[in-house]
Amino acid sequence: MATGTGSVEIDFGAGGTVASATVTGQTSILATDHVGAWFMAEASTNHSAETHRYILPLFVGLSVGAPTAATGFTVTATSLITLTGKIKCRWAWST
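Residues numbered from 1 in each chain as written. Predicted model: local features only at pLDDT ≥ 70, side-chain atom pairs only at ≥ 80, totals over all residues. Heavy atoms only, no water.

1. Topic: the overall build of the protein chain
Then comes step 1: Of regular secondary structure, the protein chain possesses 1 helix and 6 strands.
Then comes step 2: Starting at the N terminus and ending at the C terminus, the protein chain contains elements arranged as β-β-β-α-β-β-β.
Then comes step 3: Taking 95 residues into account, the globule formula puts the C-alpha radius of gyration at 12 Å, and the protein chain, at 13 Å, falls close to it.
Then comes step 4: Taking the principal axes of its C-alpha atoms as reference, the protein chain extends roughly 35 × 25 × 20 Å.
Then comes step 5: Within the protein chain, counting contacts between residues at least 6 apart in sequence, those at least 24 apart form 74% of the total.
Then comes step 6: When the accessible area of the protein chain is evaluated, it comes to approximately 5100 Å², of which 54% is carbon and sulfur surface. (Helix = DSSP H or I, 4+ residues; strand = E, 2+ residues; numbered from the N terminus. Rg over C-alpha atoms; globule rule 2.2 N^0.38 Å. Contact = heavy atoms within 4.5 Å. Areas by Shrake-Rupley, 256 points an atom, 1.4 Å probe, with all protein chains shown as cover.)

In structure tokens:
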């Protein structure tokens, strides 16, 4: 079972292929915990739910850095195409 869950928007700004967002406030996360990130069919500030369902999984990889104990982690999106604006992903972590 997941200990912590949530979502984060990753901002590519005016255009780019790599962007990241830091998730903080995870006071009970340990440096040894497991964290994952994925897309769901839900809209972000700049992109539709359909884009998150059908387009982003084809062109964007999500990776999560090692967690910082009692703090959080960073989610990085790397795209094969230039993206603009904010995309959204869900995340979860567990021991």
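2. Description of the packing of aromatic side chains
Then comes step 1: Per the counting criterion, the structure on display carries 1 aromatic pair.
Then comes step 2: On the basis of an interplanar angle of 75° and a centroid distance of 5.2 Å, the ring pair of Phe-73 and Trp-91 is categorised as edge-to-face. A residue pair is termed long-range when its members are at least 10 positions apart, and Phe-73 in strand 5 (residues 73–83) and Trp-91 in strand 6 (residues 86–94) qualify at 18 residues. Both residues of the pair, Phe-73 and Trp-91, belong to the buried class. (Phe/Tyr/Trp six-rings, centres within 6.5 Å; stacked < 30°, edge-to-face > 60°. Buried < 20%, exposed > 50% of the residue type's maximum accessible area, 1.4 Å probe, protein only.)

3. Details of the pattern of salt bridges
Then comes step 1: Per the stated rule, a full pass over the model turns up 2 salt bridges.
Then comes step 2: Lys-88 is paired through a salt bridge with Glu-42; the nearest N and O atoms lie 3.8 Å apart. With Lys-88 in strand 6 and Glu-42 in the loop between strand 3 (34–38) and helix 1 (49–59), the pair connects residues that are 46 residues apart, well separated along the chain. Like Lys-88, the residue Glu-42 is buried in the burial classification.
Then comes step 3: A salt bridge links Glu-42 to Arg-90; the nearest nitrogen and oxygen atoms lie 2.7 Å apart. (Salt bridge = Lys/Arg side-chain N within 4 Å of Asp/Glu carboxyl O.)

4. Looking at the sheet that holds strand 1 (residues 4–11)
Then comes step 1: The antiparallel open sheet is built from 3 strands, whose spatial order is 1-6-3. Each of the sheet's edge strands pairs with one partner strand only, and the pair in question is strand 1 and strand 3. Strand-to-strand, the axes of this sheet are offset by a mean angle of 30°, without reference to chain direction. (Pairing = 2+ DSSP bridges. Axes fitted to C-alpha atoms, helices over the stretch in contact; angles between N-to-C directions.)

5. A word on the pairing of strand 5
For a regular strand, side-chain orientation follows a simple rule: the groups alternate between the two sheet faces.
Then comes step 1: One ladder, built from 7 bridges, connects strand 2 (residues 16–23) with strand 5; its direction is antiparallel. Following the sheet pairing, Val-23 is matched in strand 5 by Phe-73.
Then comes step 2: Across 5 bridges, the pairing between strand 4 (residues 60–64) and strand 5 is antiparallel. Directly across from Gly-61, in strand 5, lies its bridge partner Thr-78.

So yeah, pure geometry; function would need other evidence.
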